[in-house]
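Residue-level structure breakdown
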Amino acid sequence: MRPLRLELEGFGPYRERQGVDFSDVELFAITGPTGSGKSTLLDAMAFALYGVVPRVGRNVGSLVHPGASEARVRLTFQVGGRVYRVERVRGKRSEGRLFELGPVGERLLPLETLDALNRALEELLGLTYEAFTRALLLPQGEFDRFLKGEAKERRRILLDLFELTRLERVREKAASRKAALMEEKGRLEGELAGLLGVSLEAKENLERALADLTREIARLQNEKRRLEEGVLELKGLQALLLRKGELEGRLGRLRAEASRMAEVEERLKKALEAEAALPLWQDLRRKEEALAATAQELQRVRARLAQLEGDRRALAFDPEALKEAQRALLQAEGLRALEALWRRVGVKEHLAPRLGLAPEAYAEALESLLQEEALLAERERELSRLVEEQGRLREKEEALNRVREALKALVEEGGQARAQVEALEKALKGAEAHRLRQELEELRRRREFLEEEKKRLEAELAQLAKEERRLGLLAYRDLLEPGEPCPLCGGVVHAFPHSQGNQGVSDLRKRREEGEKALKELLTQLGAVAEEERAKREALETLGVEPIPGDPKELEGKLQEAQARLQELREKYREKQGEARALEEEVKRLSQEKERLRQGFSRLEEEAEIAWEKTREALASLRQEKEALAAGLYRLLWERTGGRPVPEYIGALSRRVEELEKKEKQDRDLARAWEEASRTLAGLLAQEEEQRKALEEVKGRVVGLMPEEEAKALYLPPKEREALAERIRAHREELAQVEALLEEVEREARARFPGSLPPLAEVEARLRREEERLSEIQGSLEARMGERAVLEERLKEVGEKLHRRRELEARLAEVVREMGLWEKLAFDLQQNNFPAYLLGLRQRNLVERADELMATLSAGRYRLRSKEDEYQVLDLWTEAVRPVRTLSGGESFLASLSLALALSEELSRGRLGALFLDEGFGTLDPETLEVVAGVLEALPTRGRLVGIVTHVAALAERFPARLVVEKRPAGSRVYWA
């Protein structure tokens, strides 16, 4: 896992949103004053990945900035070639989301709860929270607790870090598989015990019984078919006899109903005669009623005509009075426009009113004056704006000239400050180059010394190896015989070599091992010196200046002051420049507005102020003339309306016209109603005459018909007549049909049963006997069929059980074989077997590398040892082995750092792509701090992100990149330096 970008807001001291990009850095320092929030950056990473912070656990709410409502953290990281982003929020609400970032966009992973998110991240990283804080994120004091903690807890963490816990999961899977096979074995054995009684002989017995039963079923089926044919023939004879008896009974009934049908035919004849007479009698009565209704309506219309004539005489409407009132109202409407024109001025009295003009003259003159007044007023407003804009333009032009003078002064002062900064920068680079050249010279001398020492040690080791090989041959002295061939080289042995004993060989081996160890340490130092020399040479080449003696700190202080002064001048220049641009824009806008206003006065020859004053005087004179005309018009309106307001005068006239028009409408309505009543009276008189003639004609047609009361009594509705006719027709058709069917049945009986037909009772008795015999045969057949089905089912079951038994026996043999394999694998993967062996190998490598780092960091005084899963320190000054719990603060820090770096190097070969150290560098003395800095600078990153948290400025300056945390009242901020 390698972090790529961290963003946080409202988290710890970071109130405002801060972002840190780690994508293009490897080794760097996180520096800043105490309490600024250096360790908080590591807390934010732990919170993003696990929802937990090392210092406060899950109580992350306590880290929300007091000025923020919630804490937000977003971490983008890479795992195995894939890029992810996790986001968490903690405040009034707690939520988290995980995205996978790809070349075509991002995809939100469906994780419903925070627990699901935590599980997914732990599975993705392959590390528990404890292992993460031990191997990748090393907070203050955490690795010291790992160093001095319980062996059992340390063993569990190492198993997790080295991915050996997967062996435990494999062991659990093997044990689970073995248990499943044990369960399957028991189930198979139990099922086989239930199948012991199943045999091939039992199957053959069932097959023979099934064959006998099949033959018996065939015999019964033949007997059943014979009986079914006899029963079918008897049922046909029975049905024929029953049909013949039924038809004979129906024929006797129909012949008995013949006399009743004659009576029905007579009744139907009378009903038809009544149906012909009754409509004529009904028509006569309707015409008599219509004539009486017409006479009554004539009486009502004559009374209506008399009433309308009286109402019209009472209304007494005069058309000439209406015309006179309409003419007066039309003339008064002309006064409304004059009053509206007067109201635009609103003057009633004037010292010299204009009198004696016609209404049209008043209107024309006053309208002309109002139009001219509007034009003069608009011209006066435009001239006023022109005068005002000219004044503002002069003010802005003067201010712009002052700002331009200030800009010129700032440009001169800025040029001087820039020259001073450039000179100080060049001097500072020269001083840095001078310091680097001195340090490179010192490193060269140290490297030459180490190379000479390396040559000396290599020569000593070569001599020791040669001597050791010579002495090694003496181990085969007992195998040599003078005059015989040597078993090693084949040459003839002339004499025994001189023996120096085993002690000489042991001493040589010990001296060689010590020399190899010293050479290894020397090579480590040489590598560190070469790396440091390369880095400083690159830094010198990067500067690209000639070395100049000088104090870098003093020059840097002066440079900072000069840069601050230059920045201050730039800020002032930008401020004045912005002010100048604003004034230029305002001057430009005012000039355009001035030109636009002057374009409206294309014939303006004098100055705008003079033209403005003349326009004001002309406007005042015109308004005096307008008020005099308005006073004269008011006097005219007062005379025409009798002193009343025009609307009131017109309202009175309108009401008079409305009253007369209402009477006119009433008179027209009465005249129309009288004419309509007259036409109705004429129509009724003609109608009465026609109805008398029609009545006389109908009376002549009813003479000689069936009397009206008799016709009403004998009349039948159409449905009843149709029902009687249908009843007669159905009787006749049924009689003919029954006679024909009876004749057909007798022909069929003679054809199917020659001779005389037996009685129905005899046929039914024979049918019952045959059906009883058929039922017995059917019962026997069904019983035999059931027995056959049972035998077939049993035979099928026995066959399946025999097949299942063979399958179970084969599977049981396979299960027993597999169970032995899984049992052996589960035993080998127990903690004290293969995992313990692998952990021992990995921990031995870890301690060896930590031992080398411990020797380097302690200047050769301390060595790290491991005994029975406990860490110890060998003090070479006292030759004493001490538990790590007895170390001082600085010594404990060196041991923790050695173990942490070794563990990080070991794990960096796998899935960990980052390491953060947040330990107490401030507890170290200057000499030890220098050694630690050298080790950290030479630490192989291999593409990893390695960050060192420190407030020691001397240590932070040694790193190629620095992440600076700045403490501010509004919240800390972070940036790369």
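Residues numbered from 1 in each chain as written. Predicted model: local features only at pLDDT ≥ 70, side-chain atom pairs only at ≥ 80, totals over all residues. Heavy atoms only, no water.

For the chain, an unreviewed UniProt entry supplies the name Exonuclease SbcC and the organism Thermus scotoductus.

Attention now moves to the overall build of the chain. A tally of helices and strands in the chain yields 21 helices and 15 strands. Of the roughly 58,200 Å² that the chain leaves accessible, carbon and sulfur atoms contribute 51%. (Helix = DSSP H or I, 4+ residues; strand = E, 2+ residues; numbered from the N terminus. Areas by Shrake-Rupley, 256 points an atom, 1.4 Å probe, with all protein chains shown as cover.)

What follows deals with empty space enclosed by the protein. Following the criterion strictly, the structure yields 1 cavity of 30 Å³ or more and no others. In this model, the largest cavity occupies a volume close to 30 Å³. Its residues assigned to classes, the lining of the largest cavity comprises 1 nonpolar, 3 polar and 3 charged. (1 Å grid on protein atoms, 1.4 Å probe; cavity = no way out; pocket = protein on both sides within 12 Å on 5 of 7 lines; lining within 4 Å. Points joined across faces, edges and corners; volume = space filled by probe spheres on them. Nonpolar A, V, L, I, M, F, W, Y, C, P; charged D, E, K, R; others polar.)

Time to look at the sheet that holds strand 9 (residues 862-867). On the basis of which strands lie adjacent, the open sheet formed by 3 strands has the order 9-10-11 and antiparallel pairing. Edge positions in the sheet fall to strand 9 and strand 11 (880-883), since each of these pairs with one other strand and no more. Strand-to-strand twist across the sheet, computed as the mean angle between neighbouring axes with direction ignored, equals 35°. By the bridge criterion, 4 bridges tie strand 10 (residues 870-875) to strand 11 in an arrangement that is antiparallel. In the strand pairing of strand 11, Gln 872 is matched with Pro 883. Strand contacts of helix 18 (residues 834-857): strand 9 and strand 10, with the helix running at about 160° to strand 9, the strand carrying the most contacts. (Pairing = 2+ DSSP bridges. Axes fitted to C-alpha atoms, helices over the stretch in contact; angles between N-to-C directions. Contact = heavy atoms within 4.5 Å.)

For the rest of this paragraph, the subject is the packing of helix 1 (residues 38-50) against helix 2 (residues 114-125). Here helix 1 crosses helix 2 at 110°, and the two axes come no closer than 8 Å. Classified by the interaxial angle, the pair formed by helix 1 and helix 2 is roughly perpendicular. For the pair formed by helix 1 and helix 2, the contact residues are Ala 48, Leu 49 and Tyr 50 on the first element and Asn 118, Leu 121 and Leu 125 on the second. Split by residue class, the contact of helix 1 with helix 2 holds 5 nonpolar, 1 polar and no charged. (Parallel < 35°, antiparallel > 145°, perpendicular 65-115°, else oblique.)

Now for helix 16 (residues 718-752). In this model helix 16 runs 50 Å from its N-terminal to its C-terminal C-alpha over 35 residues, within 8% of the 51 Å that 1.5 Å per residue would give. All buried positions along helix 16 are accounted for by Arg 721, Leu 724, Ile 728, His 731, Val 738, Leu 742, Val 745 and Ala 749. Of the surrounding secondary structure, the elements contacted by the buried residues of helix 16 are helix 7 (200-256) and helix 8 (258-315). (Expected span 1.5 Å × (residues − 1). Buried < 20%, exposed > 50% of the residue type's maximum accessible area, 1.4 Å probe, protein only.)

Note that Glu 533 resides in helix 11 (residues 502-543). Setting aside anything within four residues of it in sequence, one finds Glu 533 in contact with Leu 440, Leu 443, Arg 444 and Arg 447.

Time to look at the nonpolar core. Here is a general trend for soluble globular proteins: nonpolar side chains tend to be buried in one another's company. The biggest cluster of nonpolar side chains holds 48 residues, and the ones touching the most others in it are Leu 6, Phe 11, Phe 22, Phe 28, Leu 41, Leu 49 and Phe 77. In terms of nonpolar packing, the next biggest core, distinct from the first, is built from 35 residues, Met 854, Phe 893, Leu 903 and Ile 948 among them. (Core = buried A, V, L, I, M, F, W, Y, C linked by side-chain atoms within 4.5 Å.)

Spatially, the 6 strands line up as an open sheet ordered 2-1-4-5-6-7, and their pairing is antiparallel. Here the strands that pair on one side only, and so sit at the sheet edges, are strand 2 (18-21) and strand 7 (105-108). Averaged over all pairs of adjacent strands, the angle between strand axes in this sheet comes to 20°, irrespective of strand direction. Summarising the sheet, strand 4 (residues 71-79) and strand 5 (residues 82-90) pair through 9 bridges and their orientation is antiparallel. The residue of strand 5 that forms the bridge with Thr 76 is Arg 85. Along the sheet, helix 2 contacts strand 4, strand 5 and strand 6 (94-102); its crossing angle with strand 6, the most-contacted strand, is approximately 40°.

The next subject is the confidence of the model for the chain. Looking at the chain, the pLDDT average stands at 81 and 88% of residues meet or exceed 70. Strand 2 holds the highest mean pLDDT among the elements of the chain, 95, whereas strand 8 (residues 137-138) holds the lowest, 56. (pLDDT = per-residue confidence, 0-100.)

Aromatic ring pairs are defined here through the distance separating the ring centres and the angle between the ring planes. Counted by the stated rule, this structure contains 7 aromatic pairs. Centroid distance Phe 28 to Phe 916: 6.4 Å. Interplanar angle 75°. Geometry classified as edge-to-face. With a gap of 888 residues between them, Phe 28 in strand 3 (residues 27-31) and Phe 916 in strand 12 (residues 914-917) connect regions that are remote in the sequence. Each member of the pair, Phe 28 as well as Phe 916, carries the same accessibility label: buried. (Phe/Tyr/Trp six-rings, centres within 6.5 Å; stacked < 30°, edge-to-face > 60°.)

Here we take up the pattern of salt bridges. Under the counting rule described, the total for this entry stands at 82 salt bridges. Salt-bridge contacts for Arg 285 lead to Glu 288; the nearest nitrogen and oxygen are separated by 3.6 Å. Of the two residues, Arg 285 and Glu 288 both sit in helix 8, 3 residues apart, roughly one turn of that helix. Since its relative accessible area comes to 33%, Arg 285 is described here as partly exposed. (Salt bridge = Lys/Arg side-chain N within 4 Å of Asp/Glu carboxyl O.)

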